[in-house]
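Commentary on secondary and tertiary structure
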Amino acid sequence: MSIKTGYISELKRESDATKKILERIPFDKKDWKPHEKSAPIGRLATHVAENTHWISRVIHISDYDFAANYTPTVAATSTEELLKVFQDNLDKALQDLEQVSLEELDAIWTVRNGDQILYQLPKKVAIRAWAFSHMIHHRGQLSVYLRLLDIPVPGMYGPTADEG
């Protein structure tokens, strides 16, 4: 199995788990956050929904400059909008993974902030870190937010105490 075939399978599996979390975001509490330094649940959920866009960015952009390209997005305002953001980014990421060459995955991806180089990684490593691990990390945060709001937490890798 090639790395891209593995990534496609993993992305589909992780996306099922992510969708379960996103479906439970309480938009009547979209500004709630557990701590003053935490992101509001609506913004964090949107960040999770957008996260697979990094797969496409890594594949198509070899040098990403936060100073030139960073534009914060507005948080989704409904479950429907959130799920559409998620699905649109997922569909594009899957399409890009299908089409990328194995040689391109070995190419170096540079992340900078203006003249300061932050990272230089093979694209296959960047996809793992910036898309998969990043999404899973923030999805875990959302599961804690749901628990603190007394919203049943869905199982991602098996049943939870709420589903058992």
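One can find the structure itself at the top, above this paragraph.
Basis of the calculations
- Residues numbered from 1 in each chain as written.
- Predicted model: local features only at pLDDT ≥ 70, side-chain atom pairs only at ≥ 80, totals over all residues.
- Heavy atoms only, no water.
- Helix = DSSP H or I, 4+ residues; strand = E, 2+ residues; numbered from the N terminus.
- Expected span 1.5 Å × (residues − 1).
- Buried < 20%, exposed > 50% of the residue type's maximum accessible area, 1.4 Å probe, protein only.
- Contact = heavy atoms within 4.5 Å.
- Salt bridge = Lys/Arg side-chain N within 4 Å of Asp/Glu carboxyl O.
- Pairing = 2+ DSSP bridges.
- Axes fitted to C-alpha atoms, helices over the stretch in contact; angles between N-to-C directions.
- Phe/Tyr/Trp six-rings, centres within 6.5 Å; stacked < 30°, edge-to-face > 60°.
- Lys NZ or Arg CZ within 6 Å of the ring centre and 35° of its normal.

Helical geometry note: an α-helix holds 3.6 residues per turn, so side chains three or four residues apart project in the same direction. Helix length check: helix H1 (residues 3–22), at 20 residues, gives a terminal C-alpha distance of 27 Å against a target of 28 Å (1.5 Å per residue), a fit within 8%. Burial in H1 covers these residues: Lys-4, Gly-6, Tyr-7, Ile-8, Leu-11, Glu-14, Ser-15, Ala-17, Thr-18, Ile-21 and Leu-22.

It is worth spelling out the environment of Ala-126 at this point. The residue Ala-126 is located in helix H7 (residues 123–148) in this model. Owing to a relative accessible area of 0%, Ala-126 belongs among the buried residues under this scheme. Put simply, Ala-126 and Thr-110 are 16 residues apart on the chain and 9.3 Å apart in space, counted from C-alpha to C-alpha. What Ala-126 contacts, discounting residues up to four positions off in sequence, is Val-58, Trp-109, Leu-121 and Ala-131.

Take the environment of Phe-27 next. Within the secondary structure, Phe-27 sits in the loop between H1 and helix H2 (41–50). The exposure class assigned to Phe-27 is buried, which follows from its relative accessible area of 15%. Sequence separation between Phe-27 and Ala-76 is 49 residues; the distance between their C-alpha atoms is 8.8 Å. Residue contacts for Phe-27: discarding those within four places in its chain leaves Ala-76, Thr-77, Ser-78, Thr-79 and Leu-82.

Turning to the pattern of salt bridges, a few remarks are in order. If you walk through the whole model with that rule in mind, you get 11 salt bridges. Of the charged contacts in the structure, one is a salt bridge between Asp-63 and Arg-112, with a shortest N-O distance of 2.8 Å. Remark: Arg-112 occurs in strand S2 (residues 108–113) and Asp-63 occurs in strand S1 (residues 63–65); sequence separation between them is 49 residues. For Asp-96, the salt bridge is made with Lys-92, and the minimal N-O distance between the two is 2.9 Å. Of this pair, Asp-96 and Lys-92 are both found in helix H5 (residues 79–99), four residues apart, which corresponds to roughly one turn of the helix.

Let us look at the sheet that holds strand S3 (residues 116–122). Spatially, the three strands line up as an open sheet ordered S1-S2-S3, and their pairing is mixed. Every other strand in the sheet has two partners, leaving S1 and S3 as the edge strands with one partner each. Here the strands of the sheet are splayed against their neighbours by 15° on average, with no regard to which way each runs. Packing of H7 onto the sheet brings it into contact with S2 and S3, and relative to S3 it is tilted by some 105°.

Residue Asp-150 is not a glycine yet carries a positive backbone phi of 60°. Looking at where Asp-150 falls in the secondary structure, it is placed in the segment after H7.

What follows deals with the packing of aromatic side chains. Under the criterion given, the structure shown has 10 aromatic pairs. Through successive ring pairs, a cluster of aromatic residues spans Trp-54, Tyr-64, Phe-66, Trp-109, Tyr-119 and Trp-130. Above the plane of the ring of Trp-54 lies Arg-57, whose end atom (NZ or CZ) is 5.2 Å from the centre. Residue placement shows Arg-128 over the ring face of Phe-132; its charged tip is 4.9 Å from the ring centre.

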